[in-house]
Amino acid sequence: AQSVTQLGSHVSVSEGALVLLRCNYSSSVPPYLFWYVQYPNQGLQLLLKYTSAATLVKGINGFEAEFKKSETSFHLTKPSAHMSDAAEYFCAVSDGYNTDKLIFGTGTRLQVFP
Amino acid sequence: DTAVSQTPKYLVTQMGNDKSIKCEQNLGHDTMYWYKQDSKKFLKIMFSYNNKELIINETVPNRFSPKSPDKAHLNLHINSLELGDSAVYFCASSQDRDRYGYTFGSGTRLTVV
């Protein structure tokens, strides 16, 4: 069965520092991978997605992620954190071909300090 | 012009009551979902419907009953509410999950007292 693991439930960075949020996946079929962001008291917003085209995917708000099949990883990065990036981030993988289900990781809370 | 809208945004109710949460999408998507987010932020799928047909029912207690009168609406009715039902419930829709992912509503925070 497909699954994702997000290492680190909390990540803290200073404003202007590199953001790195880790996601590893397990999938028996070529995966489709997604990163979502959830701001306080809001729904989830799609940041970016990997759909088997380019392995380096650029998303909104300056975020990007690289699909590495050899490492089964899809880590999210941003070169310079901004205070407004503070939120909960979720990695998700599609549940194969048979359903339209997305399997979500447990989330990583990003804190940004001035 | 909200894409996926849920009502109400907040719902506080007593144990044993019956309540409904409504969801509507104006994106023309064929598939709609209900997800539950617990206090630890963990997201778990409950149901999905494709063009009014139930596709996924993930071992949810039968006190939870989804209803899809048309492909733009997916409502969630909950009978005999329990304390453990307190959570944030998200509605979502998709047309091509693998290409575009889901579009989520802003959530309904249900508190059972």
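Residues numbered from 1 in each chain as written. Chains lettered and ligands numbered in written order. Predicted model: local features only at pLDDT ≥ 70, side-chain atom pairs only at ≥ 80, totals over all residues. Heavy atoms only, no water.

## Comments concerning the overall build of chain B
Phase 1 of the analysis: Scanning chain B for helices and strands turns up one helix and 11 strands.
Phase 2 of the analysis: Secondary structure of chain B in N-to-C order comes out as β-β-β-β-β-β-β-β-β-α-β-β.
Phase 3 of the analysis: A compact globule built from 113 residues should have a C-alpha radius of gyration of about 13 Å, and chain B, at 13 Å, falls within 12% of that.
Phase 4 of the analysis: Its C-alpha atoms put chain B at 40 × 25 × 25 Å along the principal axes.
Phase 5 of the analysis: Residues classed as buried in chain B amount to 44% of the 113 residues present.
Phase 6 of the analysis: Contacts in chain B between residues at least 24 apart in sequence constitute 54% of all its contacts with a sequence separation of at least 6.
Phase 7 of the analysis: Summed over its atoms, the accessible surface of chain B is roughly 5,600 Å², and 49% of this surface lies on carbon and sulfur atoms. (Helix = DSSP H or I, 4+ residues; strand = E, 2+ residues; numbered from the N terminus. Rg over C-alpha atoms; globule rule 2.2 N^0.38 Å. Buried < 20%, exposed > 50% of the residue type's maximum accessible area, 1.4 Å probe, protein only. Contact = heavy atoms within 4.5 Å. Areas by Shrake-Rupley, 256 points an atom, 1.4 Å probe, with all protein chains shown as cover.)

## Focus: the pattern of salt bridges
Residue and element names in this part refer to chain B.
Phase 1 of the analysis: In the structure shown here, the tally under the stated rule is eight salt bridges over all chains.
Phase 2 of the analysis: For the salt bridge of Lys71 with Asp30, the shortest nitrogen-to-oxygen distance reads 2.7 Å. With Lys71 in the loop between strand S7 (64-70) and strand S8 (73-78) and Asp30 in the loop between strand S3 (19-25) and strand S4 (31-37), the pair connects residues that are 41 residues apart, well separated along the chain.
Phase 3 of the analysis: Accessibility expressed as a relative area gives 24% for Asp30, which makes it partly exposed. (Salt bridge = Lys/Arg side-chain N within 4 Å of Asp/Glu carboxyl O.)

## So, the environment of A:Asp95
Phase 1 of the analysis: Relative to the helices and strands, A:Asp95 resides in the loop between strand S10 (87-94) and strand S11 (102-104).
Phase 2 of the analysis: Judged by its relative accessible area of 17%, A:Asp95 falls in the buried class.
Phase 3 of the analysis: As a C-alpha pair, A:Asp95 and A:Val29 span 66 residues in sequence and 8.9 Å in three-dimensional space.
Phase 4 of the analysis: Setting aside residues no more than four positions away along its own chain, A:Asp95 makes contact with A:Gln2, A:Lys101, A:Ile103 and B:Arg97.

## A short note on the packing of aromatic side chains
Phase 1 of the analysis: Inspection of the entire model under this criterion finds 17 aromatic pairs over all chains.
Phase 2 of the analysis: For the pair A:Tyr36 and B:Phe104, a centre-to-centre distance of 5.5 Å together with 85° between the ring planes defines the contact as edge-to-face. Here A:Tyr36, found in strand S5 (residues 33-38), pairs with B:Phe104, found in strand S10 (residues 103-104), and the two come from separate chains. By the burial criterion, A:Tyr36 is buried, and B:Phe104 matches it.
Phase 3 of the analysis: Centre to centre, the rings of B:Tyr33 and B:Tyr35 are 6.5 Å apart; their planes meet at 50°, and the pair counts as tilted. Exposure class is identical for B:Tyr33 and B:Tyr35. Each is buried.
Phase 4 of the analysis: Ring pairing ties together the aromatic residues A:Phe34, A:Tyr36, A:Phe90, A:Phe104, B:Tyr33, B:Tyr35, B:Phe90, B:Tyr102 and B:Phe104, which thus form one cluster. (Phe/Tyr/Trp six-rings, centres within 6.5 Å; stacked < 30°, edge-to-face > 60°.)

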